[in-house]
Amino acid sequence: MAKRFIPLTEVSEILDISSAQAYALVRSGELPAIKVGGRGQWRVETTALEDYIQRMYSQTADFVRTQGEA
């Protein structure tokens, strides 16, 4: 069974970014996450990460399209 939630360390590995960048995505609200446990560990739902990735593909396509017309 696939995991529903993953820690920010896994998010940073999947996106090939630093842990600080993953944390910044969560803090800015770009990537929805929850805090769990006594120490307040951040967890991201795998579906939310996939949604984020799809949004970034869409934004990148829009950027390329508009920059190509400039």
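These numbers come from a predicted model, not from an experiment.

Reading the values: the criteria
- Residues numbered from 1 in each chain as written.
- Predicted model: local features only at pLDDT ≥ 70, side-chain atom pairs only at ≥ 80, totals over all residues.
- Heavy atoms only, no water.
- Buried < 20%, exposed > 50% of the residue type's maximum accessible area, 1.4 Å probe, protein only.
- Helix = DSSP H or I, 4+ residues; strand = E, 2+ residues; numbered from the N terminus.
- Arc of directions from axis to C-beta.
- Pairing = 2+ DSSP bridges.
- Axes fitted to C-alpha atoms, helices over the stretch in contact; angles between N-to-C directions.
- Contact = heavy atoms within 4.5 Å.
- pLDDT = per-residue confidence, 0-100.
- Salt bridge = Lys/Arg side-chain N within 4 Å of Asp/Glu carboxyl O.

So, helix H1 (residues 8–15)
Here comes step 1: Leu8, Val11 and Ser12 are the residues of H1 that are buried. Buried positions in H1, seen along its axis, are confined to an arc of 95° and lie on one side of it.
Here comes step 2: Within two residues after H1, aspartate 16 carries a phi angle of roughly 55°, on the positive side.

Examining the sheet that holds strand S1 (residues 5–7)
Here comes step 1: Pairing is antiparallel in the open sheet, where 3 strands are placed in the order S1-S3-S2. Since the sheet does not close on itself, it has two edges, and those belong to S1 and strand S2 (34–36), each with one partner. Averaged over all neighbouring strand pairs, the angle between strand axes comes to 45°, with direction disregarded.
Here comes step 2: Here H1 sits on the sheet and contacts S1 and strand S3 (41–45); the angle it forms with S1, its principal contact strand, is near 85°.

Structural notes on the environment of aspartate 62
Here comes step 1: Considering the arrangement of structural elements, one finds aspartate 62 in helix H3 (residues 46–69).
Here comes step 2: As for aspartate 62 and glutamate 10, which are separated by 52 residues in sequence, their C-alpha atoms are 28 Å apart.

Points about the confidence of the model for the protein chain
Here comes step 1: With 96% of its residues at a pLDDT of at least 70, the protein chain reaches an overall mean of 94.
Here comes step 2: Put simply, H3 is where the protein chain has its lowest mean pLDDT, 92, and H1 is where it has its highest, 98.

Re the pattern of salt bridges
Here comes step 1: Tallied over the entire structure, the rule returns 3 salt bridges.
Here comes step 2: Lysine 3 is the partner of glutamate 10 in a salt bridge, and the nearest nitrogen-oxygen pair spans 2.7 Å.
Here comes step 3: By relative accessible area, which is 25% here, glutamate 10 ends up partly exposed.
Here comes step 4: The shortest N-O distance in the salt bridge between arginine 4 and glutamate 45 comes to 2.7 Å. Here the residue arginine 4 occupies a position in the segment before S1, and glutamate 45 occupies one in strand S3, the gap between them amounting to 41 residues.
Here comes step 5: According to the relative accessible area criterion, glutamate 45 is partly exposed, its value standing at 25%.

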